[in-house]
Amino acid sequence: MELSRIRPFANKHCKFKLRSGKEVFGVIWEVDNGSTKRLFFSSVRDYERLQHDAAPVNVIPMQPEEIVYVESIAS
């Protein structure tokens, strides 16, 4: 999936279907370090902890082409 189609779902609780066929629930966000932009994924709980604490969390780098479907489940 193109990054421009993923951006509206960034920083929201979503369901993702991956190219491997696996479905995952969590949050994806984009990090711009100046020369490149990268996507990262984590569970909702880890994402919230990352926003408020310095506690270690599980963060997975994600390539846009790995995502074939995304649906917002945020209320």
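Use the structure listed above.
Anyway, here's the lowdown on the structure attached to this text.

Definitions and limits used
- Residues numbered from 1 in each chain as written.
- Predicted model: local features only at pLDDT ≥ 70, side-chain atom pairs only at ≥ 80, totals over all residues.
- Heavy atoms only, no water.
- Salt bridge = Lys/Arg side-chain N within 4 Å of Asp/Glu carboxyl O.
- Helix = DSSP H or I, 4+ residues; strand = E, 2+ residues; numbered from the N terminus.
- Buried < 20%, exposed > 50% of the residue type's maximum accessible area, 1.4 Å probe, protein only.
- Contact = heavy atoms within 4.5 Å.
- Core = buried A, V, L, I, M, F, W, Y, C linked by side-chain atoms within 4.5 Å.

### Here we look at the pattern of salt bridges
Turning to step 1, where the next piece is worked out: Taken as a whole and judged by the stated rule, the model has four salt bridges.
Turning to step 2, where the next piece is worked out: For Arg-7, the salt bridge goes to Glu-30, with nearest N and O atoms at 3.0 Å. A residue pair is termed long-range when its members are at least 10 positions apart, and Arg-7 in the loop between α1 (3-6) and β1 (14-18) and Glu-30 in strand β2 (residues 23-32) qualify at 23 residues.
Turning to step 3, where the next piece is worked out: The exposure class assigned to Arg-7 is partly exposed, which follows from its relative accessible area of 37%.
Turning to step 4, where the next piece is worked out: Residue Glu-30 is classed as partly exposed on the basis of its relative accessible area of 27%.
Turning to step 5, where the next piece is worked out: Linking Asp-46 and Arg-49 is a salt bridge whose minimum nitrogen-to-oxygen distance equals 3.4 Å. Residue Asp-46 and its partner Arg-49 are located together in helix α2 (residues 44-52), separated by three residues, close to a single helical turn.

### As for the side chain of Ser-42
Turning to step 1, where the next piece is worked out: As for its placement among the helices and strands, Ser-42 is situated in strand β3 (residues 37-42).
Turning to step 2, where the next piece is worked out: Residues within four places of Ser-42 in sequence aside, it is in contact with Gly-26, Val-27, Trp-29, Tyr-47, Asn-58 and Val-59.

### Some details on the nonpolar core
Turning to step 1, where the next piece is worked out: Counting residues in hydrophobic clusters, the biggest one holds 11 residues: Ile-6, Cys-14, Phe-16, Leu-18, Val-24, Ile-28, Leu-39, Phe-41, Met-62, Ile-67 and Val-70.
Turning to step 2, where the next piece is worked out: Elements that contribute at least two residues to this core include exactly β1, β2, β3 and β5 (67-72).
Turning to step 3, where the next piece is worked out: It is β1 that contributes the most residues to this core, three residues altogether.
Turning to step 4, where the next piece is worked out: Not counting chain neighbours up to four residues away, the residues in contact with Val-70 comprise Met-1, Phe-9, Cys-14, Lys-15 and Phe-16.

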